[in-house]
Amino acid sequence: MDYIREYKKFIGGYNFGHGLQTTFCIVSPTVAGFYFDLLTPGILISLGAICVSSIDTPGPPKHRRNGLLLGAGCVMLSALAMSSYVLNEWLGNFIILSLVFSLSMIRVTNIGLAGIYTLVLITESKNDFHTYLTHAGLFFAGAIWYGFIILLTYSFRPYQLIRQALSDCIFKTADYLRLRAGFYQSKIDSERQFDLLISMQVEVSNSHQVVRRLLLQRFSTTRESTMKSRSLLLILIETIDIFEQVMAAHIDTNELHQIFDGNDILDHYRLVILDLATELDSVATAIGAGKSSVFKTDFKQKIDLLEQNTHSIRSDLMNEKSLGAFINLLNVRKNISQIVEKIGRLHRYSIMSGEGELTSIELINFVEKEDYSWQKLKSNLGRHSLYFRHAVRVSLAIAAGILISEFFPIQRGYWILFTIVVILKPGFSLSKSRNSDRIIGTLAGGLTTFMILLFIKTKVILFIILVICMIITYSFAAINYALSTFTTTCFVLLFLNFLKPGDFSFIELRLVDTAIGSGLSFLSSYFIFPVWEYQRLDGLLVD
């Protein structure tokens, strides 16, 4: 693994930048509250920011703003709904479960999750009506604070998010090219390599869709045509062209191996393709950093050398049987030359020179549209709907979690509920995967935190570790769920240690509650309206 490449890719990518922003939005209210001797309100504002951060995904500023506002509204509504406990506890439980079901049905950018997280975090405390109103206001303030900082950052650097997403897209295209190069290596497991190739192909296609949403909808909304925006759009077009050309180039590498495995000609081709991937990496790094890039490899010399090496073996291997293989090598060289030309254009566009010209195009037509019709909503209210089944599953699991926390001596029942909400997903396989990652991450995080608290007593160092863990959590949430769970456990337990120094009992409670929540999640996904992925394959293939 090229660790320098992975480091540059991560630092210049969207996930790390988003992790820094989210950490600042969450930590700053608590720090300000501690400084002004208002720690409790500061913590509640931070919790509101945590709830709404779960729905913040890359997208055009208009959609992002609307999503954050709707999320803040769900946070406020859920916090106010908790006041029903003042009238009657069973009435409060009924209202909460009804809200959980309704919010679980709202799958648009996970807006419903913000409300569910709010319900879970406030469930533990039973207060009077005035306190509930205060908590609702503070949670809402935290949600608004998060949205304000995110949108303010975007207004100062409007192209940063697009550049990061585009950089990630080009890095994935380079990885796809590396996998294609692997087929030219002798004694390779073709089936496993093909599985990896298909998986990466899906990732690249998804990254294209993200960039299209960010860039093309920005054009359609603002109708702007600056030098920078034109260059970014042309970079996207060239990147898609490179990916489609590589994907469409069908070369029978098994035939090539049968003919050429006696010499190293295929390895020469493989190394040149890897050089193409490295060149794409340099473009991606430059775009992510907002800099220009230039060629680092003389591909004309390498292509000429490939042609010479191929001609040198023709006299020994050229015959009627190998003619098709030599034609395939010629096609590979042509593809390499064409990709080099496209990469050259990427280098020129990275200078933000604004080459090319965009006329009045309805760019919104190139972005996938969502269907929000009444018929679509109605179709999701039956037992055959994936989201209806998921909503029922989450509601019953939450009900079981509330009953366990009510009738058993559990001090922090909201951890059980929070574990259920985080783990349960519409599909069984994802829920199962998250369940095992959650248990492993929590156990490792609890043990690590115990060792940290045992040997480190300085509060400043502990706070720095807490912030680092939070940055890792929000940077890797979409990349490595097990690592994200590990660091989440660390920063939550460190946070609780600041509230109750020297009390290690919460570590044991965290582990027990996570085990209970994971058990309820597994049982719910397995027995309550289970959704097996193999039953949906026909429909997915039709789509």
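Scroll up for the structure.
Anyway, here's the lowdown on the structure attached to this text. None of these values were measured; they are calculated from a predicted model.

## So, the overall build of the protein
Per the secondary structure count, the protein includes 23 helices and zero strands. For the protein, the residues scored as buried account for 49% of the 543 residues in total. The long-range fraction of contacts in the protein, counting pairs at least 24 apart against all pairs at least 6 apart in sequence, stands at 79%. Carbon and sulfur atoms form 63% of the exposed surface of the protein, whose accessible area is close to 27000 Å².

## Notes on helix H4 (residues 61-81)
Its 21 residues give H4 an end-to-end C-alpha distance of 30 Å, which sits within 8% of 30 Å, the value for a rise of 1.5 Å per residue. By the burial criterion, the buried members of H4 are Arg 64, Gly 67, Leu 68, Gly 71, Ala 72, Cys 74, Val 75, Ser 78, Ala 79 and Ala 81.

## Side note on the packing of aromatic side chains
The final tally for this structure, using the stated rule, is six aromatic pairs. Taking the centre distance of 5.2 Å and the plane angle of 90 degrees together, the rings of Phe 260 and Phe 326 count as edge-to-face. In this pair, Phe 260 is assigned in helix H11 (residues 253-260) and Phe 326 in helix H15 (residues 323-350), connecting sequence segments 66 residues apart. Since its relative accessible area comes to 0%, Phe 260 is described here as buried. Assessed through its relative accessible area of 8%, Phe 326 is described here as buried. Aromatic side chains Phe 295 and Phe 299 sit 6.1 Å apart centroid to centroid with 65 degrees between the ring planes, which places their arrangement in the edge-to-face category.

## Focus: a nonpolar patch on the surface
A surface patch of nonpolar side chains, amounting to about 500 Å² of accessible area, comprises Leu 447, Phe 450, Met 451, Leu 454 and Phe 455. Turning to its location among the elements, Met 451 is positioned in helix H19 (residues 428-455). Among the residues examined, Met 451 registers a relative accessible area of 36% and is labelled partly exposed.

## Focus on helix H18 (residues 413-423)
Counting buried residues along H18, 11 of its 11 residues qualify, which places the element largely inside the surrounding structure. Along H18, the positions that sit buried rather than exposed are Gly 413, Tyr 414, Trp 415, Ile 416, Leu 417, Phe 418, Thr 419, Ile 420, Val 421, Val 422 and Ile 423.

## Regarding the packing of helix H8 (residues 160-182) against helix H12 (residues 265-289)
The geometry of H8 relative to H12 is characterised by a closest axis approach of 8 Å and an angle of 170 degrees between their N-to-C directions. By the angle between their axes, H8 is roughly antiparallel relative to H12. Here the contact of H8 with H12 is composed, by residue class, of 14 nonpolar, six polar and four charged.

## Overview of the pattern of salt bridges
What the rule picks out here adds up to seven salt bridges. In this structure, Asp 275 engages Lys 302 in a salt bridge whose closest nitrogen and oxygen atoms are separated by 3.2 Å. With a gap of 27 residues between them, Asp 275 in helix H12 and Lys 302 in helix H13 (residues 299-312) connect regions that are remote in the sequence. For Asp 304, the salt bridge is made with Lys 300, and the minimal N-O distance between the two is 3.3 Å. In this pair, Asp 304 and Lys 300 are both assigned in helix H13, four residues apart and thus about one turn of the helix distant. The exposure class of Lys 300 is exposed, given its relative accessible area of 61%. Within this structure, Asp 175, Arg 178 and Asp 281 form a network of salt bridges that share partners.

Calculation notes
- Residues numbered from 1 in each chain as written.
- Predicted model: local features only at pLDDT ≥ 70, side-chain atom pairs only at ≥ 80, totals over all residues.
- Heavy atoms only, no water.
- Helix = DSSP H or I, 4+ residues; strand = E, 2+ residues; numbered from the N terminus.
- Buried < 20%, exposed > 50% of the residue type's maximum accessible area, 1.4 Å probe, protein only.
- Contact = heavy atoms within 4.5 Å.
- Areas by Shrake-Rupley, 256 points an atom, 1.4 Å probe, with all protein chains shown as cover.
- Expected span 1.5 Å × (residues − 1).
- Phe/Tyr/Trp six-rings, centres within 6.5 Å; stacked < 30°, edge-to-face > 60°.
- Patch = residues over 30% accessible without salt bridge, like charges linked within 9 Å, V, L, I, M, F, W, Y side chains within 5 Å.
- Salt bridge = Lys/Arg side-chain N within 4 Å of Asp/Glu carboxyl O.
- Axes fitted to C-alpha atoms, helices over the stretch in contact; angles between N-to-C directions.
- Parallel < 35°, antiparallel > 145°, perpendicular 65-115°, else oblique.
- Nonpolar A, V, L, I, M, F, W, Y, C, P; charged D, E, K, R; others polar.

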